[in-house]
Amino acid sequence: MSQICEKVKGMSLVDLKERLNDLKKKALAEITETEDLKKVNDLRVKLLGKKGPITEILRGMRDLSSEQRPQIGSFANTVRDDLTQAIAQRREKLEIIKTAKKLEKEKIDVTLPGAAVKAGQPHIIEQVISQIEKLFLGMGYQIVDGPEIEEDHYNFEMMNLPKDHPARDMQDTFYINDQILMRTQTSPVQARTMEKHDFSKGPLKMISPGKVYRRDTDDATHSHQFHQVEGLVIDKHVTMADLKGTLQAVAKTIFGESREIRLRPSYFPFTEPSVEVDVSCFKCDGKGCAVCKQSGWIEVLGAGMVHPNVLKMAGIDADVYGGFAFGLGPDRFAMLKYGVDDIREFYLNDMRFLTQFSQKG
Amino acid sequence: MKISTKWLSDYVKLDIPANELAEKIERTAVEVDDVSCLASGLKKIVVGYTQHVSAHPQSDHLHICKVDVGEDKPLQIICGAPNIAADKKVIVALPNSRIADNVKIKRGKLRGELSEGMICSLQEIGFSENVVPKEFADGIYFLPDDAVVGKPVFDYLGMNENIIDLDVTPNRADMLSMRGTAYELAAIYDKKLTLKHPKVVEEGDTVGHYVIPSADSKLASTYLMRVITGLKVKPSPMWLQKRLWNAGIRPTNNLVDVTNYILLDYGQPLHSFDYDKISGKNVEVRLAQSQEKIKTLDEKERVLRPTDIVIADEKGPIALAGTMGGLRTAVTDSTTTVVLESAVFNPSLVRKTARYHNLHSEASMRFERGINHATVEEALDAAAQLIAKLGDGKVAEGIAAATKEEVHSVSVSIGSKKINDVLGTKISAAEIKNIFERLDFKVDMNSADKFTVEIPPHRWDISIPADLIEEVARIYGYDNLPATLPKGELTPGLYTYKQKVIRATKRLLEETGLTQAISYGLTTHEKAGQFMMEPSAATELAFPMSSDRTTIRMNLISGLLDDVAYNTARKVKNVALYEQGRVFYREEENERPREVEHVAAALTGLYAAGSWQYPKQPVDFFLVKGIVQHLLDSLGVKHIQFKAATGHEEMHPGRTADIYAGDTFLGFLGEVHPNICKEYSIDRTYVFELDLQKVIDLPKEQEVYVSVSKYPEITRDVALAVSKEIENSAIVDFINENGGKHLVNIELFDVYEGEHIAHNKKSLAYKMTYQDQSRTLSDEEVTEEFERVMKKIETKFDAVIR
Ligand SMILES: [Zn+2]
């Protein structure tokens, strides 16, 4: 560059233009070859600065006429602009390269395991109960809790099961003493609620979820402790068709939208008529498989229209009011839904069992 | 109740395949356990005749038999049955036949001798052990002499009959008989019923010559006896044996078989006494005296209670009413005169007796659930007549009746509106009337909407309008019910505050990495009383099933430690579980405990397992404390305090804290005592348990938004050397109280013991933050506030500022 500067004195217009062109050519080549952002910056200072070659060349304008000076001035400005632009472009390009190199260096193996972000999760029985609760809250039911240690009176007698009733099997009940027992069903909660309910304030619509106990030996299909959700609606005009529609909603919520139900006659002392409810098999869609024992249907719950004796015992006028009741087992639901083949799994709490279920419901 | 469709067809003609019939019964009446046919799957099993039987030369128990099976030549069959004999009609499984359990029989050699098939026992062709007549229990079966050689055995043995096994619900005891089931099916299919009624031929002395029964009508509302004389005890004819074994009852002899047959046919339990063994003529139905004894048919001596009904002669009890006869008057092979009893006993007393003496039987079940009061006499007649016929005897004249109740049909009134209102249907009055009539109910239609329905005695389960609604519903068909939702007044469906707090607690703990456990509420007496938060009497089961489950829990931690132990035993080292449930506290004077909602957790091993990039995080006290703090903060609990607690027997005395909200004790957290860990066979475990009810009961403060200051914070760090005995909380509390009005936060950021500090001292480093809501603080005023509290700390805690 210093060679260019030395020879600028006493030049003609053509010479000057040539010089500027020459300078531009060389400078552009130099800019393009520069691989370093800092050097690009240095070049900018050297080429375009006040002591740079263009300024130097323009000093040679002294010998030019006043007409020629603006010509060479504007030509010099064009060269300056071209170089400025070339430097900017070069810088931009180098920056892109620099970033790319940096990112290249930061590359990681995305297949390495992620951090173990882990929340705990609800028990699957809780999940089933929670789904049922939400369904019934949405239909305007209240959720009522009651004692797990009950009086014989509420657990049996108020449920139309007097002491010597054949359907009342002593073997099944854990008694604390003659009158106190571990509840065998959550229906005593209904008895207690019916007694208190003020029907002038509207119908009674409730479900009672909770633990129940039976005097059973634990094995794959029996547990001395399990869960129940019992439901009850009492109003002036409640029909068995309403019961059917309600249970259909339960079946669809838990087992899937395309499920159907069917009712079969059965017997419970606290309902009349009483029915057993089957849901169409979700495994085979009713065609018959091992889960449904080839029948296409799976027994999932019991239900019926509340027995007038139950209403009377709770002080409700059975001529005016009536309703339906149903009872289902979240343990059985969970076993069916998830294919769990041993009910004891629910109460042994192996971490590997508890954490294997998704929470999508 | 096992129903043979062939027997059923004597009463009602249906012509419907058994599977279809079973499905219909299940959808309309009662559940069906099973539909079966003994012959199904069996083939090439025929009647054979043993022409010749000789000992097998190579065996001491096998025999070589020449058996005529109706082919050109007799077959040679090797037989090992002890009762094999020549000149008998036997069951032969031919070569390539299939017997029970899908076993194929092939031609082969047995110890060097050709065997072309197999001579079978009843069990080998699929009969249950329980129905095989005793004399054939350990050997092959002999068919009747008139069985035709070469014909399949199935018809001779009743194996072609379809059997539908009904699971009869307690309310439908009317279906515990062939006749009752026939009524039901006639109604379902709208068919005519043809029931035969017995005619008794009476001969000889009057019954009073033999027996004079007496009874209290409260014990036996009907008590009837007949006497049959001149009997010979022998096996029953095949038709009767087939009916019995197809119903699951073992044929014994003509006397016993007839009573069982009548039981199945009418549902009426009967009992026969050997007349010659009864002492005196007078037979009394009465309650047992206390400590009175009877030796029953099963040869057990039973000590009676005053709730047991007995039949007694002059010497004492000869039968336990409705459950089991006495050994002294039992009929035997040499019995010639029988006193036959047909009665209705008090159901609840029979139930008590059956339960107390563990004598549940076909008879007791029927008495408990009820029997048809209208056919007590008819069943007695039918039985007497058949016994006389099969035993070549005579029925004495007349019936001896101790009591005899008059049986009426019951009237129930109902309207079609009521029926449709309850079912949500639009069934016409005519259709309803038709349904009742199919059921053999007489209907008096007073008006279109009012029926008086007369219920015949064979449907004693029906007594109120709701029962009639059920009858209409099931015959009309549940499939025909519409599916709707209750209309009525709208009600809000909302969780209560308590329910919300409980559910929020569960979700908050899950966020912190704890998984929900549900443990057993019943545990051992010892575990039930561990980790207690308040004094309580234990609540125990009266009759526990096992020593592991005797007492209802008074804490949640012990159950969780069982879970930790279960995991540990299965090599799951990292456990983080919580449980929300009730504990049961009982004041000594109360029978029932209070049920209190608690929440607890147990953690062991690693909280974060660590990985190629992140460090492991073992569970420790402060992790669990952080979880508790997070839970309580999120539930809006204020003034939370943790106080060192040494009083928990099952906890590490130096690593346990009681948890308070102000003055309210909420629970505790810490490390489980190593001795307890040893008892449970678990590693170092941290736990907490909170009384959730107390959290719920804390005053609910209205939460008000506090604006975030726009002005900068100024911080001061300080390290204090203090005695090891001084607790962090004391210093923090003191600074909070004396730190000046601009101190907004104080945070411990380092604890140090060791080099550069005296051995009985520790260094605690705090970051203190100052801020004002309305202006920027100057350095000078912060310094002034800071230095003022530092001076106080130096004197208060003998602290050295480092
Ligand atoms: Zn299926």
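About the criteria used
- Residues numbered from 1 in each chain as written.
- Chains lettered and ligands numbered in written order.
- Predicted model: local features only at pLDDT ≥ 70, side-chain atom pairs only at ≥ 80, totals over all residues.
- Heavy atoms only, no water.
- Axes fitted to C-alpha atoms, helices over the stretch in contact; angles between N-to-C directions.
- Helix = DSSP H or I, 4+ residues; strand = E, 2+ residues; numbered from the N terminus.
- Parallel < 35°, antiparallel > 145°, perpendicular 65-115°, else oblique.
- Left-handed = near helix turned anticlockwise from the far one by under 90°.
- Contact = heavy atoms within 4.5 Å.
- Nonpolar A, V, L, I, M, F, W, Y, C, P; charged D, E, K, R; others polar.
- UniProt positions renumbered as here; feature names shortened; annotations may be inferred.
- Donors = N, O, S within 2.8 Å, 3.2 Å for Na, K, Ca; no water.
- Tetrahedral: all angles 85-135°; square planar, octahedral: opposite > 155°, others 65-115°.
- Pairing = 2+ DSSP bridges.
- Salt bridge = Lys/Arg side-chain N within 4 Å of Asp/Glu carboxyl O.
- Buried < 20%, exposed > 50% of the residue type's maximum accessible area, 1.4 Å probe, protein only.
- Polar contact = N/O pair within 3.5 Å; in protein donor to acceptor, adjacent residues only side chain to side chain.
- Core = buried A, V, L, I, M, F, W, Y, C linked by side-chain atoms within 4.5 Å.

1. Remarks on the packing of helix α18 (residues 728–738) of chain B against helix α19 (residues 779–797) of chain B
All names here are of chain B.
Move 1: It is the contact of α18 with α19, at a shortest axis distance of 10 Å, that shows an interaxial angle of 140°. Accordingly, the angle class assigned to the pair α18 and α19 is oblique. Relative to α19, α18 is oriented so that their crossing is right-handed. Contact with α18, carried on its side by A730, I731, F734, I735 and N738, involves V789, K792, I793, K796 and F797 of α19 and no other residues of that element.
Move 2: Here the residues of the contact of α18 with α19 sort into 7 nonpolar, 1 polar and 2 charged.

2. Focus: the UniProt feature "domain: TRNA-binding" (unreviewed entry) in chain B
Move 1: Mapped onto the present numbering, the UniProt feature "domain: TRNA-binding" (unreviewed entry) falls at residues 39–154 of chain B.
Move 2: Its end C-alpha atoms 6 Å apart, residues 39–154 of chain B is made of 0% helix and 42% strand.

3. Digging into the coordination of the zinc ion
Move 1: Around the zinc ion, the protein supplies A:C281 (SG), A:C284 (SG), A:C289 (SG) and A:C292 (SG) as donor atoms, at distances of 2.2 to 2.3 Å.
Move 2: Considering all 4 donor atoms around the zinc ion, the spread of angles at the metal, 103 to 112°, places the coordination shape in the tetrahedral class.

4. A look at the packing of helix α6 (residues 124–138) of chain A against helix α9 (residues 240–255) of chain A
Residues and elements named next belong to chain A.
Move 1: Two numbers describe how α6 lies on α9: the axes approach to 10 Å, and their chain directions differ by 135°. One element, α6, and the other, α9, form an angle in the oblique class. In this structure, α6 meets α9 at a crossing whose hand is right-handed. In contact with V128, Q131, I132, L135 and F136 of α6, α9 contributes T246, A249, V250, T253 and I254.
Move 2: Broken down by class, the residue content of the contact of α6 with α9 amounts to 7 nonpolar, 3 polar and no charged.

5. Structural notes on the sheet that holds strand β22 (residues 324–325) of chain B
Strand pairing in a sheet relies on backbone hydrogen bonds, with the paired strands running either antiparallel or parallel.
All names here are of chain B.
Move 1: Ordered by their spatial adjacency, 5 strands build an open sheet running β14-β17-β20-β21-β22, and the pairing between neighbours is mixed. Of all strands in the sheet, those bounded by a partner on one side alone are β14 (212–215) and β22.
Move 2: The pairing of strand β17 (residues 282–287) with strand β20 (residues 309–313) spans 4 bridges and is classified as antiparallel. Residue R286 lies in a different strand from β20, and its bridge partner there is V310.

6. A closer look at the pattern of salt bridges
All names here are of chain B.
Move 1: Within the structure shown, the criterion is met by 65 salt bridges over all chains.
Move 2: Put simply, R474 and E184 hold a salt bridge, and the shortest N to O gap is 2.5 Å. Taken together, the positions of R474 in helix α11 (residues 465–476) and E184 in helix α3 (residues 178–189) put the pair 290 residues apart, joining distant regions of the chain.
Move 3: On the basis of relative accessible area, E184 is assigned to the buried category, the value being 2%.

7. Focus on the side chain of A:R259
All names here are of chain A.
Move 1: With respect to the helices and strands, the residue R259 is situated in the loop between α9 and β6 (261–268).
Move 2: A polar contact is formed between the side chain of R259 and the side chain of D285, at a distance of 2.4 Å.
Move 3: Filtering out sequence-adjacent residues up to four positions away, R259 remains in contact with A251, K252, V279, S280, C281, F282 and D285.

8. A word on the nonpolar core
Move 1: Core analysis: the biggest nonpolar cluster contains 190 residues, and A:F346, B:L166, B:Y223, B:I311, B:F345, B:F436 and B:L561 have the highest contact counts within it.
Move 2: Here this core takes 10 residues from helix α8 (residues 376–390) of chain B, the largest share from any one element.
Move 3: Ranked by size, the runner-up nonpolar core spans 42 residues in total, among them B:A39, B:I77, B:Y141 and B:Y156.

9. Regarding the pairing of β20(B)
Walk down a regular strand and you will see the side chains alternate between the two sheet faces.
Residue and element names in this part refer to chain B.
Move 1: Most of β20 is tucked away, with 5 of its 5 residues classed as buried.
Move 2: Here β20 shows a buried face lined by I309, I311 and D313 and a second buried face lined by V310 and A312.
Move 3: Summarising the sheet, β20 and strand β21 (residues 316–320) pair through 4 bridges and their orientation is antiparallel. Looking across to β21, one finds that I311 is bridged to A319.
Move 4: Linking β20 to β21, which pair antiparallel, is a turn of 2 residues.

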